[in-house]
Amino acid sequence: MIRDPKSRAGKREIMLPSFVLLDARRHLEWFAQDGPEGLVFVGEKDAPLRGTSFGRKWRKARDAVGMPNEFRFYDLRHTGNTLEADTGAELKGLMVRAGQPSERAQLIYQHATKEHQRRLAAGIDAIARLQRVPADRGHSGLSGAARTHVSPLPALAPGRTARAR
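This text gives an overview of the structure that appears in the document. Keep in mind it's a predicted model, so treat the numbers as computed, not measured.

**Notes on unusual backbone geometry**
One non-glycine residue, K45, adopts positive backbone phi at about 55°. With respect to the helices and strands, the residue K45 is situated in the loop between α1 (21-30) and α2 (51-64). The backbone of D46 shows a phi angle near 60°, a positive value even though the residue is not glycine. Relative to the helices and strands, D46 is located in the loop between α1 and α2.

Next up, the structure:
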């Protein structure tokens, strides 16, 4: 028996990134049932895919592409949410895309990555560099507000992290 999603957000239209469109179209054409009410993933004898069948199919597919055994199907949700957040999307947009009813639920599936931290640091660096005025240009008749000089933050000792106060 196929049940409705837990919430209204479970039925939504999302835009797919273009790199997956060809594969999605092929899957629908080759494997899915016909029509708007047709199943996208079909089990044996054209019936709904059962959990036990799905687990076998997932493990086979995961192994075929070289994913580690620890990578669960549900980890795709975490990966997708993290990639979406790394685009700079706003929280509300992420919630709608993932079908999450609350900020807390969304944040469970979103993770910080080192690459994202690097981009944030590079963005802060770019802003600070734009605001810097070389010392020899600082007295060219500009007002005090226009002569703002941003000094670099003190470096932290290795292994130390900044704390909010």
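Still more ground to cover, so stick around.
**Some remarks on the pattern of salt bridges**
Under the criterion given, the structure shown has 8 salt bridges. Here D4 makes a salt bridge to K11, at a shortest N to O gap of 3.5 Å. For the pair shown, D4 and K11 are each scored as exposed. The network of salt bridges with common partners includes D86, E115, R118 and R119.

**Description of the side chain of Q106**
Along the chain, Q106 turns up in helix α5 (residues 103-108). Beyond its immediate chain neighbours, meaning those up to four positions away, Q106 contacts N81, L91, L94, M95, A98 and Q100.

**Quick look at the packing of aromatic side chains**
Tallying each qualifying case throughout the model produces 5 aromatic pairs. For the ring pair W30 and F31, a centre distance of 6.4 Å and an interplane angle of 80° mean the geometry is edge-to-face. Of the two residues, W30 and F31, both sit in the exposed class. Residues Y74 and Y109 carry aromatic rings whose centres are separated by 5.7 Å and whose planes lie at 65° to one another, so their mutual orientation is edge-to-face. Of this pair, Y74 sits in the loop between α2 and α3 (75-86) while Y109 is found in the loop between α5 and α6 (114-131), placing the two residues 35 residues apart along the sequence. Here Y74 falls in the partly exposed class, since its relative accessible area comes to 41%. Taking relative accessible area as the criterion, Y109 reaches 14% and is therefore assigned buried. What links up through ring pairs into an aromatic cluster is the set F54, W58, F71 and F73. In this structure, R77 is placed above the aromatic ring of Y109, and the distance from its NZ or CZ to the ring centre is 4.8 Å.

Here is what the cut-offs are and how they apply
Residues numbered from 1 in each chain as written. Predicted model: local features only at pLDDT ≥ 70, side-chain atom pairs only at ≥ 80, totals over all residues. Heavy atoms only, no water. Helix = DSSP H or I, 4+ residues; strand = E, 2+ residues; numbered from the N terminus. Salt bridge = Lys/Arg side-chain N within 4 Å of Asp/Glu carboxyl O. Buried < 20%, exposed > 50% of the residue type's maximum accessible area, 1.4 Å probe, protein only. Contact = heavy atoms within 4.5 Å. Phe/Tyr/Trp six-rings, centres within 6.5 Å; stacked < 30°, edge-to-face > 60°. Lys NZ or Arg CZ within 6 Å of the ring centre and 35° of its normal.

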